[in-house]
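Fold and geometry: a report
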2 protein chains.
Amino acid sequence: MARVTTTTPRIRLSPDERRSQLLDLGVRLLATRSLDELSIDLLAEEAGISRGLMYHYFGNKQGFYEAVVQHAADELYACTAPPAEGEPLERLLGSLTGYVDYVLANHTGYRSLVKAATAGNDNLRAIYDTTFAALADRFFTVDPGGLAIPDTPAVRLLIHAWQAMVEDLVLTWCDSPAGLTKDDLLQVITTSLPALIDTLP
Amino acid sequence: MARVTTTTPRIRLSPDERRSQLLDLGVRLLATRSLDELSIDLLAEEAGISRGLMYHYFGNKQGFYEAVVQHAADELYACTAPPAEGEPLERLLGSLTGYVDYVLANHTGYRSLVKAATAGNDNLRAIYDTTFAALADRFFTVDPGGLAIPDTPAVRLLIHAWQAMVEDLVLTWCDSPAGLTKDDLLQVITTSLPALIDTLP
């Protein structure tokens, strides 16, 4: 009997899978908490593992924060994938719907990430900047079937500013919707991109 | 002779005038420095007064920073006063020219103020928010002869987001103009406001 038990294969997660599971949990905890409120201790407790094992997976506190923020950024990128087909503006609308839903579901954590990136932690800022640059890249390289906009430095400059506007608009709207439904908000942020690019001389 | 000297009136600044002079100097120093680099010691040295007198005027370090930032915000508000006459879009262009010139002249300090406001110092954030709310108010109360836009919560929400966009655009452009002249930049930020409001359902 003992022999049968020991030969039954145990499902063991690889270290990478275990780490990824911990990051999923970290991002879930971040949905309703700021980055400051998410500690190695809290995650260790929620995951039922020792602090020592947490340090084994993440090196140190800073490495832990960066890994969680990078995981959240990857999730944001995945959530905003445009639908494979449709008119350019419909596809942009689909992508932005993913963004608004993501911010709605992760409001507290998202706001604290923006703050951490702006406050000048260089590594968190780099993750933030790289993520938004990748989102901008979608218009040109990853998703050339989308909006027909020329890939020029001036257009890139405007997309960067439009992203800042969308972020401000969505975060402010979450606090105080000003009579706009989610569909109204989506109409504004979707159609404002071509409208903004049209202002270029 | 001694009598003549003593009866010659000496020009003495009142404490308020002296404080205001120190704030002017603080804002000038901030043009090429971040807020972190502007210390009570530096301002005392540049003004040729004692640290003790600085504390007399500003209470403490935090009071000093708040007074300098408020003074800078008042200056920004004054610099962006729209011209008294002209077509609405011309008057907005005049106001925004003041804004761009202000940011160009005070690049380092302005960027550090935005960072300080976002990083969550509540008092600096309040000065920042109040200033931009006052700039938004100009469209409705102070300068009703300007753009004919309705004063609704949704329009206010959009103006807030447009301000975030303009700030990002101007600061990014200062670092890397992307082939846009200052006039091109001004055309984009001026005409983007009515274009953005037109996207409202």
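To start, this report covers the structure provided alongside it. Counting from 1, residues in each chain are numbered in the order their sequence is written. The order in which chains are written sets their letters, starting at A; the order in which ligands are written sets their numbers, starting at 1. Where local features are concerned, this predicted model is filtered to residues with pLDDT of at least 70; where side-chain atom pairs are given and counted, the filter is 80 or more; whole-chain, interface and lining totals use all residues. Think of the side-chain values as coming from all heavy atoms in the structure, minus any hydrogens and water.

Focus: the pattern of salt bridges
Where charged atoms from two side chains of opposite charge approach closely, those side chains can pair. Residues and elements named next belong to chain A. Any carboxyl oxygen of Asp or Glu within 4 Å of a side-chain nitrogen of Lys or Arg constitutes a salt bridge here. Tallying each qualifying case throughout the model produces 12 salt bridges over all chains. Across the salt bridge formed by R51 and D41, the nearest N and O atoms sit 2.3 Å from each other. Pair noted here: R51 is in helix α4 (residues 51-58) and D41 is in helix α3 (residues 40-47), with a separation of 10 residues, a long-range link. The class for R51 is partly exposed, based on a relative accessible area of 44%. Here's how the labels work: a residue is buried when its accessible area is under 20% of the maximum for its type, exposed when over 50%, partly exposed in between, all with a 1.4 Å probe on protein chains only. On the basis of relative accessible area, D41 is assigned to the partly exposed category, the value being 40%. A salt bridge links R111 to D175, with the shortest nitrogen-to-oxygen separation between them at 2.8 Å. With R111 in helix α7 (residues 107-118) and D175 in helix α9 (residues 153-175), this residue pair connects regions lying 64 residues apart in the sequence. Under the relative-accessibility criterion, D175 is labelled exposed at 52%. Taken together, the shared-partner salt bridges connect D137, D151 and R156 into one network. Elements are defined by DSSP. Helices are runs of H or I of four residues or more, strands are runs of E of two residues or more, and each kind is numbered from the N terminus.

Points about the packing of helix α2 (residues 15-30) of chain A against α4 of chain A
Residues and elements named next belong to chain A. Between N-to-C directions, angles span 0 to 180 degrees; the directions come from axes that are lines fitted to C-alpha atoms, helices contributing only their stretch in contact. α4 packs onto α2 with a crossing angle of 105 degrees between their chain directions and a minimal axis gap of 11 Å. By the criterion of interaxial angle, the relationship of α2 to α4 is roughly perpendicular. Each of P15, R18, R19, L22 and L23 in α2 lies in contact with α4, whose residues at this interface are M54, Y57 and F58. In this count, Pro and Cys sit with the nonpolar residues alongside Ala, Val, Leu, Ile, Met, Phe, Trp and Tyr, while Asp, Glu, Lys and Arg are called charged and the others, Gly among them, polar. For the contact of α2 with α4, a count of residues per class yields six nonpolar, no polar and two charged. Angular relationships are summarised with four words: roughly parallel below 35 degrees, roughly antiparallel beyond 145, roughly perpendicular across 65 to 115, and oblique for the angles in between. Any pair of residues with heavy atoms lying within 4.5 Å of one another is described as a contacting pair.

Comments concerning the packing of α9 of chain A against helix α9 (residues 153-175) of chain B
Think of two packed helices as two axes; the pair is described by the angle between the axes and how far apart they sit. One way to put it is that α9 of chain A packs onto α9 of chain B with a least axis distance of 8 Å and a crossing angle of 145 degrees. When you trace α9 of chain A past α9 of chain B, the crossing you get is right-handed. Where α9 of chain A approaches α9 of chain B, its residues L157, L158, H160, A161, W162, A164, M165, D168, L169, T172 and W173 of chain A are matched on the opposing element by L157, L158, H160, A161, W162, A164, M165, D168, L169, T172 and W173 of chain B. Grouping the amino acids of the contact of α9 of chain A with α9 of chain B by side-chain chemistry returns 16 nonpolar, four polar and two charged. For any helix crossing, the convention is left-handed if the near helix is rotated counterclockwise from the far helix by under a right angle, and right-handed if that rotation is clockwise.

Digging into the environment of L193 of chain B
Residues and elements named next belong to chain B. Along the chain, L193 turns up in helix α10 (residues 182-197). According to the relative accessible area criterion, L193 is buried, its value standing at 0%. Separated by 32 residues in the primary sequence, L193 and A161 have C-alpha atoms spaced 10.0 Å apart.

Comments concerning the relation of the copies chain A and chain B
Turning chain A through 180 degrees and shifting it by 0.0 Å along the axis lays it on chain B, with an RMSD of 0.0 Å. Taken together, these values place the two copies in the relation of a two-fold axis. In this assembly the copies share their binding face: 100% of the residues contributing to the interface of chain A also contribute to that of chain B. Least-squares fitting of one copy onto the other uses the C-alpha atoms of those residues that reach a pLDDT of at least 70 in both copies.

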